Amino acid sequence: MKENFHKISGLTLIEILIGIVITSIMMGAMYTSYNVVNNSFSQVTGRASVSAAGRDVSAMLIRELRMAGFRYYGDNLYFDDGRGLDGEENNHYPIIIREPADSCCDRIEIVYGDYDSSRDGTEIDPKFLRFKVIYFAALEDENYNLYKVKLKWNNAEQHWIYVYGGTPDAVYPDTPITVRDAELLRKYVVNMEFVPTNEDGQVISTPLTVNENEEYLNKIRTVDLKITFRSKDDFFKKKIIRKIESIKGAARHVDQEDKFLRDSIVLSVFTRNIGN
């Protein structure tokens, strides 16, 4: 019995090629849509990450700047003015602002008191406590990162010791601060500035230390703060010059050509415990 092969249906080469072209166009459109959505999501999360970094650090700084100079009534701990044999690092002034030449950012030291009723109240174990927190930036892997160290005053031996950010109970500054031991707060900090003002709203010059502008150490009423972080990866498609203006003048402007996103937070904090 003969089979009738000429009645078998099929696709011509032209029809197959047309199907391949249509499928390719659809796949290309789907990939383009996915790529656009993915890039948009990456940009949103990148921007949110940079903004969150600024908010988190700012919240810590606000809390501790407001505490600067606080002491409980009856606080009888020794006050070191930093002019003795132990040097200025031993000082107890509420706010010290330094401008390290090898850093992108100011370094701030904040001192405040506390009280622990569970302690014995002896000279070795006093109920009154005093802490110093230090915020600073350091270059690590070609990027500046923000770090924090906390110290506690040892009143019996009259020196600062590490709470964290260094070997616990080690003496500061005999044991210097290191990036390895300090608490890493955030990476990719671009700038951090502090501008103190007095009760008349006049700007107090910085650096503000035991040896520089020291007559204003107990006259700070507010501190203007600006902190800028950048994205970890490239954010924009093209390199252009993006300028972040400083609150300290043109010398501190950030003016770089790259693809990074930068986000700044500017705040004014009332130092309610200084000079009262």
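Residues numbered from 1 in each chain as written. Predicted model: local features only at pLDDT ≥ 70, side-chain atom pairs only at ≥ 80, totals over all residues. Heavy atoms only, no water.

A. View of the overall build of the chain. A tally of regular secondary structure across the chain gives 1 helix and 12 strands. Listing the helices and strands of the chain from first to last along the sequence gives α-β-β-β-β-β-β-β-β-β-β-β-β. Residue pairs at least 24 apart in sequence account for 61% of intrachain contacts in the chain once pairs closer than 6 positions are excluded. (Helix = DSSP H or I, 4+ residues; strand = E, 2+ residues; numbered from the N terminus. Contact = heavy atoms within 4.5 Å.)

B. Just the packing of aromatic side chains, in detail. The full count for this structure, using the stated rule, is 10 aromatic pairs. Ring centres 5.5 Å apart and planes at 90° place the aromatic pair Phe79 and Tyr93 in the edge-to-face group. Here Phe79 is found in the loop between helix 1 (13–67) and strand 1 (95–98), whereas its partner Tyr93 is found in the loop between helix 1 and strand 1, with 14 residues between them in sequence. Judged by its relative accessible area of 38%, Phe79 falls in the partly exposed class. Residue Tyr93 is classed as buried on the basis of its relative accessible area, which comes to 10%. Ring-pair connections join several aromatic residues into one group, and the members of that group are Phe70, Tyr72, Tyr115 and Phe128. Its end group placed over the ring of Phe131, Lys150 keeps NZ or CZ at 4.5 Å from the ring centre. Here Arg230 stacks its cationic end above the ring of Phe260, 3.9 Å away from the centre of that ring. (Phe/Tyr/Trp six-rings, centres within 6.5 Å; stacked < 30°, edge-to-face > 60°. Buried < 20%, exposed > 50% of the residue type's maximum accessible area, 1.4 Å probe, protein only. Lys NZ or Arg CZ within 6 Å of the ring centre and 35° of its normal.)

C. Seen up close, the pattern of salt bridges. On inspection of all chains with the given rule, the structure shows 16 salt bridges. For Glu99, the salt bridge identified is with Lys248, shortest N-O distance 2.7 Å. Here Glu99, found in the loop between strand 1 and strand 2 (107–115), pairs with Lys248, found in the loop between strand 10 (240–244) and strand 11 (254–258); they are 149 residues apart in sequence, far enough to count as distant. Exposure remark for Lys248: the relative accessible area of 24% places this residue in the partly exposed category. Across the salt bridge formed by Asp106 and Lys248, the nearest N and O atoms sit 2.6 Å from each other. Of this pair, Asp106 sits in the loop between strand 1 and strand 2 while Lys248 sits in the loop between strand 10 and strand 11, placing them 142 residues apart in sequence. (Salt bridge = Lys/Arg side-chain N within 4 Å of Asp/Glu carboxyl O.)

D. Seen up close, the sheet that holds strand 8 (residues 189–197). A sheet is described by the order of its strands in space; here 3 strands give the open sequence 8-9-12, paired in antiparallel fashion. Edge strands, defined here as strands with exactly one partner in the open sheet, are strand 8 and strand 12 (262–270). The sheet shows a mean angle of 10° between the axes of neighbouring strands, direction not considered. Across 8 bridges, strand 8 lies against strand 9 (residues 222–230) in antiparallel orientation. Opposite Val195, over in strand 9, you have Asp224 as the bridge partner. (Pairing = 2+ DSSP bridges. Axes fitted to C-alpha atoms, helices over the stretch in contact; angles between N-to-C directions.)

E. The arrangement of a nonpolar patch on the surface in detail. Taken together, Leu11, Leu13, Ile16, Leu17 and Ile20 make up a surface patch of nonpolar side chains, about 520 Å² in accessible area. For Leu11, the position within the fold is in the segment before helix 1. (Patch = residues over 30% accessible without salt bridge, like charges linked within 9 Å, V, L, I, M, F, W, Y side chains within 5 Å. Areas by Shrake-Rupley, 256 points an atom, 1.4 Å probe, with all protein chains shown as cover.)

F. How the structure looks around the nonpolar core. Of all hydrophobic cores here, the largest spans 38 residues; its most connected members are Ile95, Ile108, Met192 and Ile227. Residue assignment for this core shows that the elements contributing at least two residues are helix 1, strand 1, strand 2, strand 3 (128–140), strand 8, strand 9 and strand 12. With 6 residues, helix 1 is the single largest residue contributor to this core. Filtering out sequence-adjacent residues up to four positions away, Ile108 remains in contact with Leu61, Leu65, Ile95, Ile96, Ile97, Val133, Ile134, Tyr135 and Phe194. Membership of the second largest hydrophobic core comes to 13 residues, among which are Val111, Val149, Tyr162 and Ala182. (Core = buried A, V, L, I, M, F, W, Y, C linked by side-chain atoms within 4.5 Å.)

G. Seen up close, the environment of Thr178. Among the secondary structure elements, Thr178 is positioned in the loop between strand 6 (171–172) and strand 7 (183–186). Judged by relative accessible area, which is 28%, Thr178 ranks as partly exposed. Considered as a pair, Thr178 and Tyr147 are 31 residues apart in the sequence and their alpha carbons are 9.7 Å apart. Of the polar contacts made by the side chain of Thr178, one reaches the side chain of Asp181; its length is 3.1 Å. (Polar contact = N/O pair within 3.5 Å; in protein donor to acceptor, adjacent residues only side chain to side chain.)

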